[in-house]
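Coordinate inspection notes
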Amino acid sequence: MRTNRWLERILAFVFLAPSLLLFSIFLFYPLIKSVYLSMNLTDPRGRVVQYVGLRNFTDLLTSELFYKSITVTLSFILLTVPTGIILSLILAWLAHTRLRGVQLFRFVFSLPMAISVGTGSIIWMVLYHPTLGTLNYFLSLLHIAPINWLSDPNWALLSIALMTVWMNLGFQFIVLLSGMQGVSEDIYDSAQIDGAGPLRTFFNLTIPLITPSIFFVTVVSMIGAFQAFGQINILTKGGPMNSTNVMVFNIYQDAFVNYRFGTGSAQALLLFFIVLILTLIQFKVLEKKVHYQ
């Protein structure tokens, strides 16, 4: 019996070895390296030149730019996550109907998922162009003055958020539509027999029954919003006046532009703990309202 147990354990480790190796290379080692670099000063080549302990963290906690990046990041999350989920929920509900041609709408709604961040950013850069952009053209038809979407601090973050909502729409739409399709049609038939209208069915039946999908999309969307970088790097470079300088872009600036790898690593660790704490809060608070079938 003991021999069989040892053979089972050895076999289990053999099957786990590839995953453990990948985790060690791409997760555990970078995390340990970040902790090490966060306590040191480095030269432009990334070589450690001086041990400073927690000074990188104390400098960050007294930096106005760091707190500005946190504020911008939280504002970006509030602009993108709730808006994207509500819009995707409405589109999924419309696409869940049995109308003729609904397959075409499902394809159109999920299309942004097939577009990369770089391609999407270029598309929206053209739309946002102050003189040739489509958005300002429609505003001119309404006799509204053109807006500097990406160069005005009052509009830049909103413009990035709008593009991000569109980019995430495909993934969120597919997940929520899959959740709706997993609900038994017998439940809807019973509600229809009882005289429930479309809106009442949607709010009292559909939403409670797909709360696992909504919860999943909320957690993933929030983590993705914290990691937003590509569209900001292409469209605004964190400007104007740091109005779109989210935490990830600020880390990139410190580590790979200013070559302050210690400060960048310290920020990365703080970002990791912020995301971890907010995710745990979501699991602690929001999961209580999830109804698993």
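Computed from a predicted structure; not experimentally measured. (Residues numbered from 1 in each chain as written. Predicted model: local features only at pLDDT ≥ 70, side-chain atom pairs only at ≥ 80, totals over all residues. Heavy atoms only, no water.)

**Regarding the overall build of the chain**
To be explicit about the condition: Numbering of helices and strands runs from the N terminus, with a helix taken as a DSSP run of H or I at least four residues long and a strand as a DSSP run of E at least two residues long. Relative accessibility decides the category of a residue: with a 1.4 Å probe and only protein chains considered, values under 20% of the type maximum give buried, values over 50% give exposed, and everything between is partly exposed. Contacts: residue pairs with any heavy atoms within 4.5 Å of one another. Exposure was quantified through the Shrake-Rupley algorithm and a 1.4 Å probe, taking into account, for residues, occlusion by the shown protein chains and nothing else. Residues scored as charged are limited to Lys and Arg (positive) and Asp and Glu (negative), so that His and the chain ends carry no count. The atoms used to mark charge sites are NZ of Lys, CZ of Arg, CG of Asp and CD of Glu.
Along the chain, the regular secondary structure elements total 13 helices and 2 strands. Its C-alpha atoms give the chain principal-axis dimensions of roughly 80 × 75 × 30 Å. When each of the 293 residues of the chain is scored for burial, the buried share is 38%. Taking the contacts inside the chain whose residues are at least 6 apart along the sequence as the reference set, 68% of them involve residues at least 24 apart. Accessible surface, the chain as shown: approximately 17900 Å² in total, 69% of it carbon and sulfur. Of the charged side chains in the chain, 17 are positive and 11 negative, and the gap between their average positions amounts to 8 Å.

**Observations concerning a nonpolar patch on the surface**
Which entries qualify depends on this criterion: The patches reported here contain residues having more than 30% relative accessible area and no salt bridge. Joining distances are 9 Å for like charges and 5 Å for nonpolar side chains (Val, Leu, Ile, Met, Phe, Trp, Tyr). For this analysis, a salt bridge means a side-chain nitrogen from Lys or Arg found within 4 Å of a carboxyl oxygen belonging to Asp or Glu.
Residues F272, F273, L276, I277, L280, I281, V285 and L286 make up a contiguous nonpolar surface patch of about 720 Å² in total accessible area. With respect to the secondary-structure elements, F273 resides in helix 13 (residues 261-285).

**Remarks on the environment of W124**
Locating W124 in the fold gives a position in helix 5 (residues 117-127). Once the C-alpha coordinates of W124 and I160 are considered, the two residues, 36 residues apart in sequence, prove to be 9.1 Å apart. Excluding residues that lie within four positions of it along the chain, W124 makes contacts with L162, M163 and W166.

**Things to note about the pairing of strand 2 (residues 48-51)**
Put simply, the rule reads: Should DSSP find at least two bridges between two strands, the strands are taken to pair.
As judged from the 3 bridges shared by strand 1 (residues 40-42) and strand 2, these two strands associate in the antiparallel manner. For N40, the partnering residue across the bridge sits in strand 2 and is Y51. Hairpin connection from strand 1 to strand 2: 5 residues lie between these consecutive antiparallel strands, with G46 at a positive phi of about 85°.

**Focus: the layout of surface pockets**
Where we set the bar: A 1.4 Å probe that fits but cannot get out identifies a cavity on a 1 Å grid over protein atoms alone, an open set with protein on both sides within 12 Å along at least five of seven lines counts as a pocket, and a residue lines either if it has an atom within 4 Å of a point. Grid points are joined across faces, edges and corners, and a volume is the space filled by probe spheres set on the points.
Size it by volume and the largest pocket reaches roughly 600 Å³. Every residue lining the largest pocket is counted, 17 residues in all, and those nearest its centre are L27, L31, Q227, A268 and F272. Looking at the lining of the largest pocket, the element that brings in the most residues is helix 13, giving 7 residues. In this structure, the second largest pocket encloses a volume near 490 Å³. For the second largest pocket, the lining is made up of 15 residues, of which H96, E185, Y188, Q192 and T201 are closest to its centre.

**Looking at the packing of aromatic side chains**
What characterises a pair of aromatic rings is the spacing of the ring centres plus the angle enclosed by the ring planes. The condition is simple: The pairing test for Phe, Tyr and Trp rings, Trp by its six-membered ring, is centres within 6.5 Å, and the orientation test on the planes gives stacked under 30 degrees, edge-to-face over 60, and tilted for anything in between. Only Lys NZ and Arg CZ are tested; either one counts as a charge over a ring when it is within 6 Å of the ring centre and within 35 degrees of the ring normal.
Tallied over the entire structure, the rule returns 19 aromatic pairs. Counting every residue linked through ring pairs, the aromatic cluster contains F229, F249, Y252, F256, Y259 and F261. Its guanidinium or amino end placed over the ring of W6, R9 lies 5.4 Å from that ring's centre, counting from NZ or CZ.

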